[in-house]
Amino acid sequence: MSVEPTAQKAIQPLDVDYDAIRSSSPHRMVHGTEAWLIRLRQQAINVWTAVQAYRTPSGIRAVIARLKEHRALVTGGNRVKKLVRVAGRSHWRLFIPANTSPLHVPFLKGELNRLVPHNSGGHELAVVFLSVTKKCPLKCEHCFEWDNLNQKEVIGPEDINRMIENLQSIGATNIAFTGGEPMVRTREMAESIRRYKSKSQFWILTSGFNFSATNAAELRSAGAHGVVVSIDHHDALLHDQFRGVQGSFRDAITAVKHALDEGFLTAISTCVTRENATREYIDAFMEMAKSLGVGFVQWIEPKAVGHYAMKDVLLMPQHQAVLEQALLDYTYAEAYKDHPLVVYHEYYQRKLGCFAAGNKMVYVDTDGDLMSCPFCHRKGGSLLSDDFRQSLEGMRTAGCTDFPSVIG
Ligand code: SF4
């Protein structure tokens, strides 16, 4: 454990009725005929977008073949039968814009271009994690920015805007503010979102710190799209001990409540340690997520970087097998149709190869430098530089050693 045992012991249970901290506007899971009709509309949009992108029967056939290959690898031919309905929009993947969003077709064209290149435009990047501060009051066991936390800030509000402009010049569907704790820069984020929201969906990735009702309302009125709150145990005390600060569980579930109340697409992100990679734990955690009312839960595997550097924390195949079976159950089984959808990037990347390294996703650290992902601490050039495109290209060429490409 990275947090000192004495520090852990200093964190005591709080007298809080956590069950009372719930939103009156939980996300609604949609299935059956309603979901089928939404999917039908989606398929029509997919086909029409492919026709526009390729314009020839051979191009369309080629991309359909690649899509089928991908689907077979990831789902074994199963179809996701449930969707998340929020603010009049439907979502079956966290970072795919709803099919009624103007960003949906540029996103789709970017995805198709990665499978079979075309010349019809589209976004180059699907998701960018943009760190906007080094400041954070927490001391999480797994923090990948640990060595940079609470140092002197390098980037300011104008740098943030410049980075967003650079990203939008090549098309970035989702820009997720992270840190440090991005909620220490609520005003700056709101101003940037207000200015740039027409070309990207903006997300806040937060521990829950400072995610008050007022700040949630300000970000929502600025045009922010989604919120991902980190919760690392369904037990309040164990979460607080993992995060190194008493009261962080209360703050996290309060943030979830405010995010849902404001109509954000809301998810929980959780680091699943070896200790927690059991079916009993996963089921208990997913029950909590359902009771909170979120539409998605993201599972992240621990990596030996940052606060976990040099530590033996990687999940073993037996742990991954538990998570992978649970992923399939929570995605396809009738018994879990009302539970949130699960996002498990490592599963998909083991099947399809790395999504990051400038491919569809990239990470920008607290110095404004490009990195393949939050866990690969190799800098790949500055996003503030005029030649950031070459830096991205260099990352794509270098690729990823953790998840070698399985299928293009
Ligand atoms: S993981 Fe996030 S919340 Fe935790 S210490 Fe690091 S920056 Fe702060």
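## So, the site of the ligand
Here is step 1 of the chain: In the vicinity of the ligand, the residues found are Cys-136, Leu-138, Lys-139, Cys-140, Cys-143, Glu-145, Gly-179, Gly-180, Glu-181 and Ser-207.
Here is step 2 of the chain: Residue classes in the shell around the ligand are distributed as four nonpolar, three polar and three charged.

## Some points on the packing of helix α2 (residues 32-54) against helix α3 (residues 57-75)
If you want to describe how two helices pack, look at the angle between their axes and the distance between the axes.
Here is step 1 of the chain: With their axes 9 Å apart at the nearest point, α2 and α3 run at an angle of 130° to one another. With respect to their mutual orientation, α2 and α3 come out oblique. The handedness of the crossing between α2 and α3 is right-handed. Across the interface between the two elements, Ala-50, Val-51 and Tyr-54 from α2 touch Gly-59, Ile-60 and Val-63 from α3.
Here is step 2 of the chain: Split by residue class, the contact of α2 with α3 holds five nonpolar, one polar and no charged.

## Some points on the environment of Phe-144
Here is step 1 of the chain: Relative to the helices and strands, Phe-144 is located in the loop between β4 (125-131) and α5 (157-170).
Here is step 2 of the chain: With 258 residues separating them in the primary sequence, Phe-144 and Asp-402 have C-alpha atoms 16 Å apart.
Here is step 3 of the chain: Those residues in contact with Phe-144 that sit more than four places away from it in its chain are Lys-303, Val-305, Gly-306, Pro-374 and Phe-375.

## A look at the nonpolar core
Nonpolar side chains in soluble globular proteins tend to end up buried together.
Here is step 1 of the chain: In terms of nonpolar packing, the biggest core is built from 94 residues, with Val-128 and Val-256 touching the most fellow members.
Here is step 2 of the chain: Looking at which element gives the most residues to this core, the answer is helix α9 (residues 248-261), with seven residues.
Here is step 3 of the chain: Here this core spans two domains, and each of domain 1 (29-115) and domain 2 (124-398) adds at least three residues to it.
Here is step 4 of the chain: When neighbours within four sequence positions are excluded, Val-128 is seen to be in contact with Leu-167, Ala-172, Asn-174, Ile-175, Ala-176, Val-362 and Val-364.
Here is step 5 of the chain: Within the second largest apolar cluster, nine residues are counted, among which are Cys-136, Cys-143, Phe-144 and Tyr-308.

## Observations regarding the sheet that holds strand β10 (residues 341-343)
Here is step 1 of the chain: Across the sheet, which stays open at both edges, the ten strands sit in the order β10-β9-β8-β7-β6-β5-β4-β11-β12-β13 with mixed pairing between neighbours. Edge strands, defined here as strands with exactly one partner in the open sheet, are β10 and β13 (379-382). The average angle at which neighbouring strand axes cross in this sheet is 25°, direction not considered.
Here is step 2 of the chain: Note: strand β6 (residues 201-206) against strand β7 (residues 226-230), four bridges, orientation parallel. The residue of β7 that forms the bridge with Leu-205 is Val-228.

## Quick word on the pairing of strand β8 (residues 265-271)
Here is step 1 of the chain: Within β8, six of the seven residues are buried, which leaves the element mostly enclosed by the surrounding structure.
Here is step 2 of the chain: The sheet contact formed by β7 and β8 spans five bridges and is parallel. The partner of Gly-226 across the bridge, within β8, is Leu-265.
Here is step 3 of the chain: Taken together, the five bridges between β8 and strand β9 (residues 296-300) define a ladder with parallel strand orientation. Note on β9: the bridge partner recorded for Ala-267 is Phe-296.
Here is step 4 of the chain: This β-α-β element, β8 to helix α10 (residues 279-292) to β9, shows right-handed connectivity.

## Here we look at helix α7 (residues 213-222)
Here is step 1 of the chain: Taken together, the buried positions of α7 are occupied by Asn-215, Ala-216, Leu-219 and Arg-220. When α7 is viewed along its axis, its buried side chains cluster within an angular range of 130° and face the same direction. Turned more than 90 degrees from where α7 packs its buried face, Ala-213, Thr-214 and Ser-221 sit exposed.
Here is step 2 of the chain: Phi for Gly-223, located one or two positions after α7, is positive at around 115°.

## With respect to the pairing of β6
Here is step 1 of the chain: The buried fraction of β6 is high, at six of six residues.
Here is step 2 of the chain: Of the two faces of β6, the one holding Gln-201, Trp-203 and Leu-205 and the one holding Phe-202, Ile-204 and Thr-206 are both buried throughout.
Here is step 3 of the chain: Pairing analysis gives four bridges linking strand β5 (residues 172-178) to β6, with the strands arranged parallel. When the sheet's bridge partners are listed, Phe-177 is paired in β6 with Ile-204.
Here is step 4 of the chain: With respect to chirality, the unit in which β5 leads through helix α6 (residues 186-196) into the neighbouring parallel β6 is right-handed.
Here is step 5 of the chain: Between the parallel elements β6 and β7, the chain passes through α7 in a crossover that is right-handed.

## Some details on the domain arrangement of the protein chain
Here is step 1 of the chain: Considered domain by domain, the protein chain is made up of domain 1 (29-115) and domain 2 (124-398).
Here is step 2 of the chain: Its C-alpha centre places domain 1 at a distance of 23 Å from the equivalent point of domain 2.
Here is step 3 of the chain: If you look at the interface, domain 1 gives 22 residues, while domain 2 gives 23 residues.
Here is step 4 of the chain: Elements with a contribution of two residues or more to the side of domain 1 that touches domain 2: α3, β2 (83-86) and α4 (104-115).

## What about helix α11 (residues 317-332)?
Here is step 1 of the chain: Look at α11: 22 Å from first C-alpha to last across 16 residues, which is about the 22 Å you get at 1.5 Å a residue.
Here is step 2 of the chain: The set of residues buried in α11 consists of Leu-323, Ala-326 and Tyr-330. With its buried residues spanning 65° around the axis, α11 presents them on a single face. Along α11, exposed side chains directed more than 90 degrees from the buried face belong to Pro-317, Gln-318, Ala-321 and Gln-325.
Here is step 3 of the chain: In this structure, the buried residues of α11 make contact with α10, β9 and β10.

## A few points about the sheet that holds β2
Here is step 1 of the chain: If you walk across this open sheet you meet the three strands as β1-β2-β3, and the pairing is antiparallel. Each end of this open sheet is capped by a strand with a single partner; those strands are β1 (28-30) and β3 (89-91). Within the sheet, the average angular offset between the axes of one strand and its neighbour, ignoring direction, is 35°.
Here is step 2 of the chain: Bridge count for β1 against β2 is three bridges, and the pairing is antiparallel.

Conventions adopted
Residues numbered from 1 in each chain as written. Predicted model: local features only at pLDDT ≥ 70, side-chain atom pairs only at ≥ 80, totals over all residues. Near = placed C-beta within 6 Å. Nonpolar A, V, L, I, M, F, W, Y, C, P; charged D, E, K, R; others polar. Axes fitted to C-alpha atoms, helices over the stretch in contact; angles between N-to-C directions. Helix = DSSP H or I, 4+ residues; strand = E, 2+ residues; numbered from the N terminus. Parallel < 35°, antiparallel > 145°, perpendicular 65-115°, else oblique. Left-handed = near helix turned anticlockwise from the far one by under 90°. Contact = placed C-beta atoms within 7 Å. Core = buried A, V, L, I, M, F, W, Y, C linked by C-beta atoms within 7 Å. Buried ≥ 20, exposed ≤ 12 C-beta atoms within 10 Å, placed from the backbone. Domains from an automatic or database assignment. Pairing = 2+ DSSP bridges. Right-handed = clockwise from strand over helix to strand, strands pointing away. Arc of directions from axis to C-beta. Expected span 1.5 Å × (residues − 1).

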